[in-house]
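As a plain string of letters, each chain reads:
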Amino acid sequence: MRLRRLSGWLNLLLAAVLLLAAWVLVSLLASQPACKHLFDLTPRHNATVTDVTEELVAELRKRDLHLDVHVFFHPLSSRPPNEYEQARWDIRRTLQNLTRDLLRHYSYLGGAAVRVKEYDTAFDVEHSREVALRYSLAQDEDQLVLDIGGRHRKLSLTSDLGDIERPQAVPFGPQPLPRLRNYKGEEALSSAIKSILATGTPKVYFLTGYSTLNPSPGSTVGAGYSELLAMLQREGLELAELPLKQTQQIPADASALALLEPDVDFTDAEADLLVGWLQGGGRMFIDYGWVPVPDHNLTGGPLGARLGFAVSEELVLQLVRAGAEMVSGLEDVKNVTGLFSPSHPTTAVLGKQALALKQAREIRRTDRSPSSVRMEPIVRTLPGWCWLSLPHVGADGNLRPDLRAPQRRDQDSHDLGVVLDIDGPGGKTGHLVLLAGVALNNLGLKVNGAGFASNVFNFMVDRKVLLQIPGDRYHVEHVQLGLDQVANIQWLLLLGVPGLFLLLGVLVYWRRSRWR
Amino acid sequence: MRIVWVTLKRELMSHCFSPVSYVIAVLFYLWRGFGVTSEVQWFLQVPSDPDVFLLGDGWVRSGYFGQSSTFVMTILVPPLLTMRCFAEERRSGSLETLMTAPVRDFEVVLGKWLGAMAFFGLLWFPSAALLWLLTAQPFFGASFAFGPVLSAYLGLFLLSSLLMAIGCFTSSLTDNVLLAVLLAVIGNFVLLTGAGLVAPFLQPYLDNYLVNELYQKLLVMQHFSLWFARGLVDTSLVVFYLAGSAVFLVLTALSLQSRRLA
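Cut-offs used in this document
Residues numbered from 1 in each chain as written. Chains lettered and ligands numbered in written order. Predicted model: local features only at pLDDT ≥ 70, side-chain atom pairs only at ≥ 80, totals over all residues. Heavy atoms only, no water. Helix = DSSP H or I, 4+ residues; strand = E, 2+ residues; numbered from the N terminus. Buried < 20%, exposed > 50% of the residue type's maximum accessible area, 1.4 Å probe, protein only. Areas by Shrake-Rupley, 256 points an atom, 1.4 Å probe, with all protein chains shown as cover. Contact = heavy atoms within 4.5 Å. Buried area = accessible area lost by both parts, 1.4 Å probe. Salt bridge = Lys/Arg side-chain N within 4 Å of Asp/Glu carboxyl O. Polar contact = N/O pair within 3.5 Å; in protein donor to acceptor, adjacent residues only side chain to side chain. Nonpolar A, V, L, I, M, F, W, Y, C, P; charged D, E, K, R; others polar. Pairing = 2+ DSSP bridges. Axes fitted to C-alpha atoms, helices over the stretch in contact; angles between N-to-C directions. Left-handed = near helix turned anticlockwise from the far one by under 90°. Core = buried A, V, L, I, M, F, W, Y, C linked by side-chain atoms within 4.5 Å.

Q: Could you clarify how one ought to interpret the overall build of chain A in this entry?
A: Broken down by element type, chain A carries 12 helices and 23 strands. Across the 516 residues in chain A, those meeting the buried criterion constitute 47%. For chain A, the exposed surface amounts to about 25700 Å²; the carbon and sulfur share of it is 54%.

Q: Where do I start with the side chain of Asn-441 of chain A in this structure?
A: Examined against the element boundaries, Asn-441 of chain A turns out to sit in the loop between β23 (429–436) and α11 (442–461). Non-local contacts of Asn-441 of chain A, meaning those with residues more than four positions away in its chain, are made with Gly-222, Ala-223, Gly-224 and Tyr-225 of chain A.

Q: What is the right way to look at the interface of chain B and chain A in this model?
A: Often, the extent of an interface is quoted as the loss of accessible area upon association of its parts. Counting from both sides, the interface comprises 74 residues of chain B and, opposite them, 70 residues of chain A. The contact between chain B and chain A buries some 6500 Å² in all, and 71% of this surface belongs to carbon and sulfur atoms. Inspection of the chain B/chain A interface yields one salt bridge. Between Arg-230 of chain B and Asp-101 of chain A there is a salt bridge, with the nearest N and O atoms lying 2.7 Å from each other. Scanning the region where chain B abuts chain A turns up eight residue pairs in polar contact (both at pLDDT 80 or more). Looking at which element gives the most residues to the side of chain B that touches chain A, the answer is helix α2 (residues 19–45) of chain B, with 16 residues. Of the residues contributing to the side of chain B that touches chain A, the split by class is 49 nonpolar, 17 polar and eight charged. Pairing of strand β1 (residues 38–40) of chain A with strand β1 (residues 232–234) of chain B involves three bridges; the strand directions are antiparallel. By the bridge assignment for β1 of chain B, Phe-39 of chain A is matched with Val-233 of chain B.

Q: Please clarify how the sheet that holds strand β8 (residues 203–207) of chain A should be interpreted in this entry.
A: Paired through backbone hydrogen bonds, the strands of a sheet run either parallel or antiparallel to each other. Residue and element names in this part refer to chain A. Pairing is mixed across the open sheet formed by nine strands, whose spatial order is β9-β8-β10-β11-β23-β22-β18-β15-β16. Here the strands that pair on one side only, and so sit at the sheet edges, are β9 (238–242) and β16 (354–357). Ignoring which end each strand starts from, the neighbouring axes of this sheet average 25° apart. Here six bridges tie strand β11 (residues 283–288) to β23, and the two strands are oriented parallel to one another. From the neighbouring strand, Met-284 faces β23, where its bridge partner is Leu-432. Of the strands in this sheet, β8, β9 and β10 (256–260) touch helix α7 (residues 226–234), which is tilted by about 135° from β9. Packing of α11 onto the sheet brings it into contact with β8, β10, β11, β15 (336–340), β16, β18 (373–380), β22 (415–423) and β23, and relative to β11 it is tilted by some 150°.

Q: Just to check I follow, could you spell out the packing of α7 of chain A against α11 of chain A for this structure?
A: When two helices pack together, their arrangement is given by the angle between their axes and by how far apart the axes lie. Residue and element names in this part refer to chain A. At a minimum axis distance of 10 Å, the contact between α7 and α11 shows a crossing angle of 35°. Here α7 and α11 pass one another in a crossing that is right-handed. On α11, the residues touching Ser-226, Glu-227, Leu-228, Met-231 and Leu-232 of α7 are Asn-442, Leu-445, Ala-450, Ala-453, Ser-454 and Phe-457. Residue composition of the contact of α7 with α11, by class: seven nonpolar, three polar and one charged.

Q: Quick question: what am I supposed to make of the nonpolar core here?
A: Across soluble globular proteins, nonpolar side chains show a tendency to be buried alongside one another. By size, the foremost hydrophobic cluster in this structure holds 84 residues, and its most contacted members are Phe-53, Phe-140 and Phe-248 of chain B. Counting 38 residues, the second-largest nonpolar core is a separate cluster that includes Leu-239, Cys-386, Val-438 and Met-460 of chain A.

Q: Would you take a moment to explain the environment of Leu-41 of chain A for this structure?
A: By the element assignment, Leu-41 of chain A lies in the loop between β1 and α2 (51–62). The contact partners of Leu-41 of chain A, leaving out residues within four places of it in the chain, are Gly-147, Pro-148, Ser-151, Gly-231 and Val-233 of chain B.

Q: Got a minute to help me understand the sheet that holds strand β17 (residues 361–365) of chain A in this structure?
A: All names here are of chain A. Taken together, three strands build an open sheet; the order of strands is β17-β12-β19 and the sheet is antiparallel. The two strands at the open ends of the sheet, each matched to only one other strand, are β17 and β19 (386–389). Across this sheet, the average inter-strand angle for adjacent strands is 50°, counted without regard to direction.

Structure below.
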């Protein structure tokens, strides 16, 4: 009898093990991409993707590539203090939730080919920091990084994935609230994936022969640019030198050109060559420095004359605040803090960060600027804090800026960095990014220039193959309840339903007692 | 199938005519009422998206489906409903009568399980009706996205079906009702938190797609919060829960058979 009972238990145990194994197998089989389907019951089918995205993800699987999506969503802060912050908070929360849903769908479609990892910046600090440094991510911004085999793209939650309307403030009126107009998640994500797959390794040529007084770019001294070059190579760019003065031509495989702290100007022929290249869709970055040697500080020259820009001879100086007093005449006056444009793609993702520049000068649009060239500032000083100072030649023959603060400071902002969009006759548009100040050398990069440099160069080499994915017309409804409505809800929830069950229970109890 | 239907009706009636069921319902809806009322208070202060009322905001507001009462109800009530299925009947001697009747074990098991599920559905029905009622002007006066509501309830019932099947199985193992409840609660706890226990051991292997898929299936709470409650119905999760329920129902039938033969 006992033996029979024991064998019964053993049979049951064996059956349990076999059935659990069968459960695991059935579950794994049902998880295969070919066997599963996702029903999207969200309003406006926010999590459904188009055929374009499905084909893109299928291509990843076919080519045995892995897409790693690193998600850095910062926790939403404590209760917003006012209506404006509440609106911004709501937009961020909505975008974060929509993006998480969409990424889950990408992961669902991709199977093993798509891995999404969200970093908890509050708890997993070390790991999050290591990954953020690897991709030069801005702090306090919600960002995603899409990485396929080392080539990556960064996306900003609020700039790239959301279309946010920020109405202009009316003088003396209440601050208008921002509004989420549209969610462009699928377009942004799929376009980024497509651009990584479509492009080869971009090649950036650094022009040589134009800087005689500064260390060579590869120099490791503080004034050199070895750290910048190393960072760009880590980001998947191929770098090469271009002695344009000898070759007088731009290689066909150049994705972008760069020139750091030149003190020798372009000739007319070289300027024509560069303008022709830019009009054909080329991209270039020039960082104008300043040296205390007379006649070696470029102000735009032939290239500036053709494209309608000029770099000031004056330096832009900024006061240093020491306690409650404003002091001037210190070495630190030469450093200027530039603020990033919140709307341009190169700087929007950098949020409220600032860029510290040494020997900054102003970039201006000239009167003879051609109509086919548009200028947009990307780094600008705060109004009222800076002034222009024309350096004078000192007794030693070197240029010296006048560090004394003027009685009245000008109230204008000064553009220290701009992007020129140059339309060509063939319908293409090139971009010239200008920076007038030193921020990206080995010393500056360590302080704060890394994010800006990364964005500028990625902007320059990024051949965005934007997919035509119509975004959903996102509609946010806001509800605010009155006291009477809340009272009605309380009555319903606390008395109505429990009361109904209590009544039913009493009825049942009474019927049972009658039956007995 | 007639036996299944008869057993289902009998189980349902026995739950409906038990005063304990109404005590559970009153306590549950009172608790839930307090929780949902505090959610509603947010809408007094600042205009907010009504979807936050349903789904929470992932931070301080847990939403209609993220209430603690939801999870306690889902974890504790199935063992209470299923404890009487076999354990109490065996203790009172009525199970032997049932087993000697010309019925198949599986039909009895299915009927009892479906009866418990039906009553569980009746317990939850008012919460769905409440949502519909709340859209009226005297209350919220705003429409909710009912796609996520439907999928949330589907997720809730799929999870409950598995937990009920576990409850039926533990009830078939013993004639001690309290032991049956305890075993079922432990089983539910292991199912819902098991992923956290095995995570450190699986971590080095999570890069493997199959291991990762298996691990994702163990994250039962996330199935609800990240998928069903957000309006996304993944058929692989539906298969997971239905297959799991089938496994434990078959084990229940085998358990009854083995005890009968012993």
